[in-house]
Structure formats: C-alpha cells, structure tokens
Amino acid sequence: MFCIHQLLCPCGRTALEPPIQCGTRLICAYPCAQPPPSCGHPHVPHACHEATIIAGADTADEGLGPLHETGVPRSCPPCPFLTRKRCACGKKMVDNVQCSQENVNCGTVCGRLLPCGFHQCRRTCHADECGPCTAICGKSRKSWLVSWLCCALVCI
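Residues numbered from 1 in each chain as written. Predicted model: local features only at pLDDT ≥ 70, side-chain atom pairs only at ≥ 80, totals over all residues. Heavy atoms only, no water.

Chemist: Help me understand the overall build of the protein chain in this model?
Modeler: Tallying secondary structure elements over the protein chain gives 1 helix and 8 strands in all. When the helices and strands of the protein chain are read in sequence order from the N terminus, they spell out β-β-β-β-β-β-α-β-β. Each of the 156 residues in the protein chain was classed as buried or not, and the buried ones make up 24%. Contacts in the protein chain between residues at least 24 apart in sequence constitute 23% of all its contacts with a sequence separation of at least 6. Accessible area of the protein chain: about 11000 Å², with a carbon and sulfur share of 57%. (Helix = DSSP H or I, 4+ residues; strand = E, 2+ residues; numbered from the N terminus. Buried < 20%, exposed > 50% of the residue type's maximum accessible area, 1.4 Å probe, protein only. Contact = heavy atoms within 4.5 Å. Areas by Shrake-Rupley, 256 points an atom, 1.4 Å probe, with all protein chains shown as cover.)

Chemist: Please clarify how the layout of surface pockets should be interpreted in this entry.
Modeler: Over the atoms, a rolling probe the size of a water molecule traces out where space has been left empty. Space inside the largest pocket adds up to approximately 220 Å³. As for the largest pocket, its lining consists of 14 residues, of which Pro 37, His 43, His 46, Cys 76 and Pro 77 are closest to the centre. For the lining of the largest pocket, the per-class residue count stands at 10 nonpolar, 4 polar and no charged. (1 Å grid on protein atoms, 1.4 Å probe; cavity = no way out; pocket = protein on both sides within 12 Å on 5 of 7 lines; lining within 4 Å. Points joined across faces, edges and corners; volume = space filled by probe spheres on them. Nonpolar A, V, L, I, M, F, W, Y, C, P; charged D, E, K, R; others polar.)

Chemist: Can you walk me through the pattern of salt bridges in this structure?
Modeler: Two side chains with opposite charge may pair up if their charged atoms get near one another. Here the structure, examined in full by the defined rule, presents 2 salt bridges. Here Asp 128 and Arg 123 are joined by a salt bridge, their closest N and O atoms 3.0 Å apart. Under the relative-accessibility criterion, Arg 123 is labelled partly exposed at 34%. (Salt bridge = Lys/Arg side-chain N within 4 Å of Asp/Glu carboxyl O.)

Chemist: Explain the nonpolar core here, please?
Modeler: Nonpolar side chains tend to gather and get buried jointly when the protein is soluble and globular. The biggest cluster of nonpolar side chains holds 7 residues, and these are Cys 110, Leu 114, Cys 116, Cys 121, Cys 130, Cys 133 and Cys 155. If we ignore the near neighbours within four places in the chain, the residues touching Cys 155 are Cys 116, His 119, Cys 133, Ala 135, Ile 136 and Cys 137. Leu 7, Cys 9, Cys 28 and Cys 48 belong to the second largest nonpolar core, which has 6 residues in total. (Core = buried A, V, L, I, M, F, W, Y, C linked by side-chain atoms within 4.5 Å.)

Chemist: For this particular structure, what's the right way to read the pairing of strand β8 (residues 93–98)?
Modeler: Successive residues of a regular strand alternate their side chains across the two faces of the sheet. Of the pairings in the sheet, the one linking strand β7 (residues 82–86) to β8 comprises 4 bridges and is antiparallel in character. Following the sheet pairing, Arg 86 is matched in β8 by Met 93. The antiparallel hairpin formed by β7 and β8 contains 6 residues in its connecting segment, where Gly 90 sits at a positive phi of about 85 degrees. (Pairing = 2+ DSSP bridges.)

Chemist: Any chance you could explain the side chain of His 126 here in plain terms?
Modeler: Here His 126 is to be found in the segment after β8. Excluding residues within four positions of it along the chain, His 126 makes contact with Ala 88, Cys 89, Cys 110, Arg 112 and Cys 121.

Chemist: What's the story with the side chain of Thr 14 in this structure? I'm lost.
Modeler: Within the secondary structure, Thr 14 sits in the loop between β2 (7–8) and β3 (15–16). The buried category is assigned to Thr 14, whose relative accessible area is 14%. In this view, Thr 14 contacts Leu 7, Leu 8, Cys 9, Leu 26, Ile 27, Cys 28, Ala 29 and Tyr 30; residues no more than four positions away in its chain are not counted.

Chemist: Looking at this structure, how should I read the environment of Ile 27?
Modeler: For Ile 27, the position within the fold is in strand β5 (residues 25–27). Residue Ile 27 is classed as exposed on the basis of its relative accessible area of 57%. Taking C-alpha positions, Ile 27 is 8.5 Å from His 49, a pair spaced 22 residues apart along the chain.

Structure (structure tokens):
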C-alpha cells in the first residue's frame, strides 16, 4: 500500500516525495536548528528532532513519535557543559557540575537548629525544611533523684 502525500519534516529541510510505502519513517538527517540554550553555552550539535513521521499514520500518536500530544517538538538534550553552582543549602559553591543539573548537593551536614531548640539537623545539604526532631531528648532531668540520668524519650 502506498501513500500519495509528501512527507515533510516540520523543520522543512527533509521531504520524501510520493509514492511512499505506508509505514515508511521520515527521519530528518539535518542538524537541529533550535536556538542555543538559555544558559548561554553554545549549541551542542545533534540531529534534528522535530519529528519522526510515519507514512500513512492517521493520528499524531501514530505518526509523530518525538512530538508531545500538544504537537510541540521534543526539547534539545540538556546542556552538558560543566560549571560552578551554589548547592541546595547555600553554604558552598560546587565545581564541575553539569549545567543542566538543577539540584546540587555539597555533602555538608545541615546543622540548622531544629524546632525543639536543642538538636541540630543531621541531614546532608538540602533546601527544604529540616523537619521535626526525631532524636532522643538527652536533656538532664533535675527533678530526678539520680541527677546523671538523661531523658530517653524522643525529643518533641
């Protein structure tokens, strides 16, 4: 079975003229023509990814593989350049981080005072709230007969 319509890549640089056997995939061999990434690094050469069109396909799902349901082309690969970024907790600048990486962890223990007012957060580098204290209380109890015993309850 053959299709009588021209297959054209949305970038406009690759076309297959009819007759085209149904099921034939049009894969653009040209480099991507999208603008460079917003980070300011140069465009990394890669193949056009506007669409993989299949001859004879009735729907967008059948004929436009890399396109999303909205008909918007796939995005370019993430920026591979290494850069320096501030970590999630904000304490350090971390070197050699891939530009496209959003969450950077310096590995430092947080150390912020927890809501109990006694213990410090022991999680490593994080941007979100530290959370409730789950440590054993450890405060000395002056009202106890044995003064060297410490509270063994979970801190609140």
